[in-house]
Amino acid sequence: RPSVYSVKMRRIHIIRGDFPLFHQDISPIDYEFFRNHSEAFKRMWNEQKRVFWRAFLDTFDDFIWNYGVMKDFPLKIEDKKQHIEEIISLLRLSFVDGTATSAKAIITDCVLLAQNRHHVGSLDKASYSQNPFFMKETRETFRKLFGPPNSKFTFVKLLCGLPVYIKFAGAAVTVLRRWLFADEIHDEYLEQKYLLDLRRLKLEEQPVSDQKCIVEKLTEKPILRVERTRDISLNLDDLAPPGVKLTSKSEYKATSKLTVDVSYSFTDSVVTKDNQVISETKKKKKKKKKREEKPESE
């Protein structure tokens, strides 16, 4: 029998491989829409329940590895999986298990990243006033999302994570647009069925060998385990000579070399990969030429 709810979920369609939802960068138009519908976003976040938001983030995480930005990531980074896991954990803590206010704040942070991403390509040459880790308007956000600038791991995480944050914000605004036009669920049975379908999204992302144990727990309440982020930063004092305390500007000078080193290491990895491809292509051409010339000599 239909139940009367003070808070009603809406049936928002989410599937794996949803490019219109998960593969869009947040744009200035999207951000304006988000600001104009701030109260609607708050209502959506509260009404859709945690099960929905867990499924939303889990499906986004699955998408970026199997369809999106991390599938064919151009740079060879050994720890990229760990860096992205740390970013997903931060999004889970702020967006899924936080409050409507913290969810809105993380989207605003992602917008700030999008507005300043043009600085990232020249971090090794950027002046103090153009480095987002030191600029007054951006330093707090960049350090919060990627770590302190005195570690080269921070710049590795930046290169991996910047597109992830920007696309997550785009997905959050897209799901808000879908929510505005979605049908409310008035029946308790239909709501439970919808929630079960959302939990099955997690099942689709698992290897076949792991699916049996997950099926048995589909009706159980999911338990969130957020691992504490590994501390990979260097102490600022390690960069300074004995007895010298670094100021913001001296910190910038001391860390600039780290940025250059990271830049060169990425350049070398890409160049090395390209040279290997070129070398292999030349070898194949030489072998083919020898096979073609052999009958003529005979």
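Read on for a plain summary of the structure. Predicted model, so just to flag it, every value in this text is computed and none were measured. (Residues numbered from 1 in each chain as written. Predicted model: local features only at pLDDT ≥ 70, side-chain atom pairs only at ≥ 80, totals over all residues. Heavy atoms only, no water.)

### Structural notes on the overall build of the protein
Then step 1. Along the backbone of the protein there are 11 helices and zero strands.
Then step 2. When the helices and strands of the protein are placed in sequence order, the string is α-α-α-α-α-α-α-α-α-α-α.
Then step 3. Within the span of the protein, comprising 298 residues, buried residues form 42% of the whole.
Then step 4. Of the contacts made within the protein by residues no fewer than 6 positions apart, 78% connect residues no fewer than 24 positions apart.
Then step 5. Carbon and sulfur atoms form 52% of the exposed surface of the protein, whose accessible area is close to 17900 Å². (Helix = DSSP H or I, 4+ residues; strand = E, 2+ residues; numbered from the N terminus. Buried < 20%, exposed > 50% of the residue type's maximum accessible area, 1.4 Å probe, protein only. Contact = heavy atoms within 4.5 Å. Areas by Shrake-Rupley, 256 points an atom, 1.4 Å probe, with all protein chains shown as cover.)

### A closer look at the side chain of lysine 157
Then step 1. Within the secondary structure layout, lysine 157 lies in helix H8 (residues 152-181).
Then step 2. Lysine 157 gets classed as buried once you look at its relative accessible area, which sits at 9%.

### Remarks on the packing of helix H3 (residues 38-47) against helix H6 (residues 100-115)
Then step 1. Interhelical geometry of H3 versus H6 gives an angle of 125° and a closest axis separation of 9 Å. For the element pair H3 / H6, the angle class is oblique. Note on packing geometry: the crossing formed by H3 with H6 is right-handed. Here Ser38, Phe41, Lys42, Trp45 and Asn46 of H3 lie close against H6, whose contacting residues are Ala100, Ala103 and Lys104.
Then step 2. A per-class count over the contact of H3 with H6 returns four nonpolar, two polar and two charged. (Axes fitted to C-alpha atoms, helices over the stretch in contact; angles between N-to-C directions. Parallel < 35°, antiparallel > 145°, perpendicular 65-115°, else oblique. Left-handed = near helix turned anticlockwise from the far one by under 90°. Nonpolar A, V, L, I, M, F, W, Y, C, P; charged D, E, K, R; others polar.)

### Some thoughts on the pattern of salt bridges
Then step 1. Tallied over the full model, the rule gives 14 salt bridges.
Then step 2. Its salt-bridge partner being glutamate 47, residue arginine 43 comes within 2.7 Å of it at the nearest N-O pair. In this pair, arginine 43 and glutamate 47 are both assigned in helix H3, four residues apart and thus about one turn of the helix distant.
Then step 3. Residue arginine 43 is classed as partly exposed on the basis of its relative accessible area of 40%.
Then step 4. The partner of aspartate 109 in a salt bridge is lysine 144, with the nearest N and O atoms 2.6 Å apart. A residue pair is termed long-range when its members are at least 10 positions apart, and aspartate 109 in helix H6 and lysine 144 in helix H7 (residues 139-146) qualify at 35 residues. (Salt bridge = Lys/Arg side-chain N within 4 Å of Asp/Glu carboxyl O.)

### Some remarks on the packing of aromatic side chains
Remark: the centre distance and the inter-plane angle together describe each pair of aromatic rings, the angle taken between the planes.
Then step 1. Here the structure, examined in full by the defined rule, presents 21 aromatic pairs.
Then step 2. Between phenylalanine 22 and phenylalanine 60, the ring centres sit 5.9 Å apart and the planes meet at 55°, which makes this aromatic pair tilted. Of this pair, phenylalanine 22 sits in helix H1 (residues 19-22) while phenylalanine 60 sits in helix H4 (residues 49-66), placing them 38 residues apart in sequence.
Then step 3. Here phenylalanine 22 falls in the buried class, since its relative accessible area comes to 0%.
Then step 4. Exposure remark for phenylalanine 60: the relative accessible area of 0% places this residue in the buried category.
Then step 5. Here the basic side chain of arginine 10 rests over the ring of tryptophan 179, its NZ or CZ set 3.9 Å away from the ring centre.
Then step 6. The aromatic ring of phenylalanine 134 is capped on one face by arginine 143, whose charged end is 5.2 Å from the ring centroid. (Phe/Tyr/Trp six-rings, centres within 6.5 Å; stacked < 30°, edge-to-face > 60°. Lys NZ or Arg CZ within 6 Å of the ring centre and 35° of its normal.)

### Some remarks on the packing of H4 against helix H5 (residues 80-96)
Then step 1. Contact pair H4 / H5: the axes reach a minimum separation of 11 Å and the direction vectors enclose 160°. When the interaxial angle is binned, H4 and H5 end up roughly antiparallel. Crossing hand, H4 versus H5: right-handed. Across the interface between the two elements, Arg50, Trp53, Arg54, Phe56, Leu57, Asp58, Phe60, Asp61, Ile64 and Trp65 from H4 touch Lys80, Lys81, Ile84, Ile88, Leu91, Arg92, Phe95 and Val96 from H5.
Then step 2. Partitioning the contact of H4 with H5 into residue classes produces 11 nonpolar, no polar and seven charged.

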